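Chain by chain, the residues run as shown.
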Amino acid sequence: MTRRKFLNQVAVGVAAATANTVARSAESKEEKGEVPLIVSTWPFGKASNDEALKILLGGGSLLDAVEKGIWVTESSGNGSVGLSGSPNAAGVVQLDACIMNGPDHKAGSVAGLEGIRHPISAARRVMEKTRHVLLVGEGARMFALEEGLESVELNSKERYEKWQKQRASQRAKPAEKKPDNHDTIALLVLGKDGNIAGGCSTSGLGGKLPGRVGDSPIIGSGLYVDNEVGAAGATGLGENVMRYCASFLIVEFMRQGMTPHEACVQAIRRVMRTEPKGTNLSINFVALDKQGRYGAAGTDGGFQYSVTTPGGSRVLPNPGIGTPER
Ligand code: SD4
């Protein structure tokens, strides 16, 4: 899409929203994709997308695709997802994750989870095996252990120091120094049958206060799936996402007729309305809809996202948000 066309689309969307009408911009072919369609945050999402597609093409379920896809990033040595992620202010890695299933509108989350290799699996177990949605801290960890999930014991000084060394060497690898080694994975899947699921996993904001929970495990903030409409996921500064239920907002914008891209842009504009001028919001979103269209937008110039269909995988740049509305 050309810059002019993009700006035109944004202008159309803003005018329509201002008039309190349904915003429908012309759909470009680029925004339409085959199914299955998998969309995730950041270039590192591509490897997760590829795994998710493999699972689907092998006959796996949407939830298997989400879970196993996210495993790839969680175990990749990523500096902000999984146990290799950023520690909090006390030097401890506390992980947040969630998963959501479109057909039955069920969800599961874990927050502040320590020492579990795959927090996304803990989230899935919460969804499938309990009558709850969110487990936190030691309760989440005990649950994950009872479920037999792989743990990495970091409690003894010796183990902790060994892990810290491993993490330092992983993060020193040239690939880890690239600017794309950043942030949360939010992964959305649209299946051939039109059903939708999604997941999100992160170590959260580096240096956060112990116990701080971000947007990523909060349904409607870091992730939202509505099987009638579409799905959205977030990466960036959680505090600026969760105060606006931004993923929910994006899905609701799509319900009103916006394309995934327009919906992401309009959610960012909504947040901008009440944030002080010049604040670096650091909020970035991906979205897909039931028709197989996808889109993204972010306030971080370097934000990129990954899109996968049976036709191939691509890493796409942040299309931006046009001239901010004030
Ligand atoms: C959080 N949104 O905990 C997550 C982490 C992230 O850029 O994506 N940071 O705030």
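From a predicted model like this one, the values you see are computed outputs, not experimental measurements.

### Structural notes on the overall build of the protein chain
When you go through the protein chain residue by residue, the secondary structure sums to nine helices and 12 strands. Taking as baseline every contact in the protein chain between residues at least 6 positions apart, the subset at least 24 positions apart corresponds to 66%.

### Regarding the site of the ligand
The environment of the ligand is formed by 13 residues, the closest being Asp183, Thr184, Arg212, Asp215 and Gly236. Between an oxygen atom of the ligand and a main-chain N or O atom of Leu205, the distance comes to 3.5 Å. In the environment of the ligand, an oxygen atom lies 3.0 Å from a nitrogen or oxygen atom belonging to the side chain of Thr235. When the ligand is considered free in solution it has 290 Å² of accessible area, and contact with the protein chains removes 96% of it. Residues of the shell around the ligand, tallied by class, amount to two nonpolar, eight polar and three charged.

### Digging into the sheet that holds strand β1 (residues 37-41)
Pairing between the strands of a sheet comes from backbone hydrogen bonds, and it takes one of two forms, parallel or antiparallel. Here we have eight strands laid out as an open sheet, ordered β4-β3-β2-β6-β5-β1-β11-β12, and mixed in their pairing. With one partner strand each, in any of the chains shown, β4 (134-136) and β12 (312-317) form the two edges of the open sheet. Averaged over all neighbouring strand pairs, the angle between strand axes comes to 10 degrees, with direction disregarded. In terms of strand pairing, strand β2 (residues 95-101) meets strand β3 (residues 106-113) through six bridges, oriented antiparallel. Paired with Leu95 across the two strands is Leu113, which belongs to β3.

### Focus on the sheet that holds strand β10 (residues 294-298)
The four strands lie next to each other as β7-β8-β9-β10, forming an open sheet whose pairing is antiparallel. Both edges of this open sheet fall to β7 (223-226) and β10, since each of them pairs with a single strand only. Averaged over neighbouring strand pairs, the angle between their axes works out to 10 degrees when direction is ignored. Here four bridges tie β7 to strand β8 (residues 230-236), and the two strands are oriented antiparallel to one another. What sits directly across from Asp226, in β8, is Gly230. Packed onto the sheet, helix α8 (residues 246-255) meets β7, β8 and β9 (283-289) and runs at close to 145 degrees relative to β8. Sitting on the sheet, helix α9 (residues 260-274) touches β9 and β10, and the angle it makes with β10 is about 25 degrees.

### Here's the deal with the nonpolar core
Counting residues in each nonpolar core, the largest one holds 83 residues, and the members touching the most others are Val39, Val110, Ile250, Phe285, Leu288, Tyr294 and Tyr305. Here this core takes seven residues from α9, the largest share from any one element. Ignoring any residue separated from it by four or fewer positions in sequence, one finds Phe285 in contact with Gly233, Ala234, Val241, Ala246, Ile250, Cys264, Ile268, Gly295, Ala296, Ala297 and Phe303.

### Details of the packing of aromatic side chains
The description of an aromatic ring pair uses the distance of the two centres, along with the angle that the planes make with each other. A complete count under the given rule lists two aromatic pairs for this structure. Ring geometry for Trp42 versus Phe303: centroids 5.1 Å apart, planes at 90 degrees, classification edge-to-face. Placement of Trp42 in the loop between β1 and α2 (45-57) and of Phe303 in the loop between β10 and β11 (304-309) is noted, with a sequence separation of 261 residues between them. Classification of Trp42 by relative accessible area gives buried; the value is 3%. Plain terms: the ring middles of Tyr224 and Phe248 are 5.0 Å apart, the flat faces sit at 75 degrees to each other, and that makes the pair edge-to-face. Taken together, the residues span a long stretch of sequence, with Tyr224 in strand β7 and Phe248 in helix α8 at a distance of 24 residues. Its relative accessible area of 35% is what places Phe248 among the partly exposed residues.

### What to know about the pairing of β8
For β8, the buried fraction is high: seven of the seven residues fall into the buried class. Residues of β8 alternate between two faces, with Gly230, Ala232, Ala234 and Gly236 on one and Ala231, Gly233 and Thr235 on the opposite face, all of them buried. Where β8 and β9 come together, seven bridges link them in antiparallel fashion. Its bridge partner lying in β9, Gly236 is registered against Ile283.

### What to know about the packing of α2 against helix α3 (residues 62-74)
With their axes 7 Å apart at the nearest point, α2 and α3 run at an angle of 150 degrees to one another. As α2 packs across α3, the resulting crossing turns out to be right-handed. Across the interface between the two elements, Ala47, Ser48, Glu51, Ala52, Ile55 and Leu56 of α2 pack against Leu62, Asp64, Ala65, Lys68, Gly69, Ile70, Val72 and Thr73 of α3. Residues of the contact of α2 with α3, tallied by class, amount to eight nonpolar, three polar and three charged.

The rules we used
Residues numbered from 1 in each chain as written. Predicted model: local features only at pLDDT ≥ 70, side-chain atom pairs only at ≥ 80, totals over all residues. Heavy atoms only, no water. Helix = DSSP H or I, 4+ residues; strand = E, 2+ residues; numbered from the N terminus. Contact = heavy atoms within 4.5 Å. Near = heavy atom within 4 Å. Polar contact = N/O pair within 3.5 Å; in protein donor to acceptor, adjacent residues only side chain to side chain. Areas by Shrake-Rupley, 256 points an atom, 1.4 Å probe, with all protein chains shown as cover. Nonpolar A, V, L, I, M, F, W, Y, C, P; charged D, E, K, R; others polar. Pairing = 2+ DSSP bridges. Axes fitted to C-alpha atoms, helices over the stretch in contact; angles between N-to-C directions. Core = buried A, V, L, I, M, F, W, Y, C linked by side-chain atoms within 4.5 Å. Buried < 20%, exposed > 50% of the residue type's maximum accessible area, 1.4 Å probe, protein only. Phe/Tyr/Trp six-rings, centres within 6.5 Å; stacked < 30°, edge-to-face > 60°. Left-handed = near helix turned anticlockwise from the far one by under 90°.

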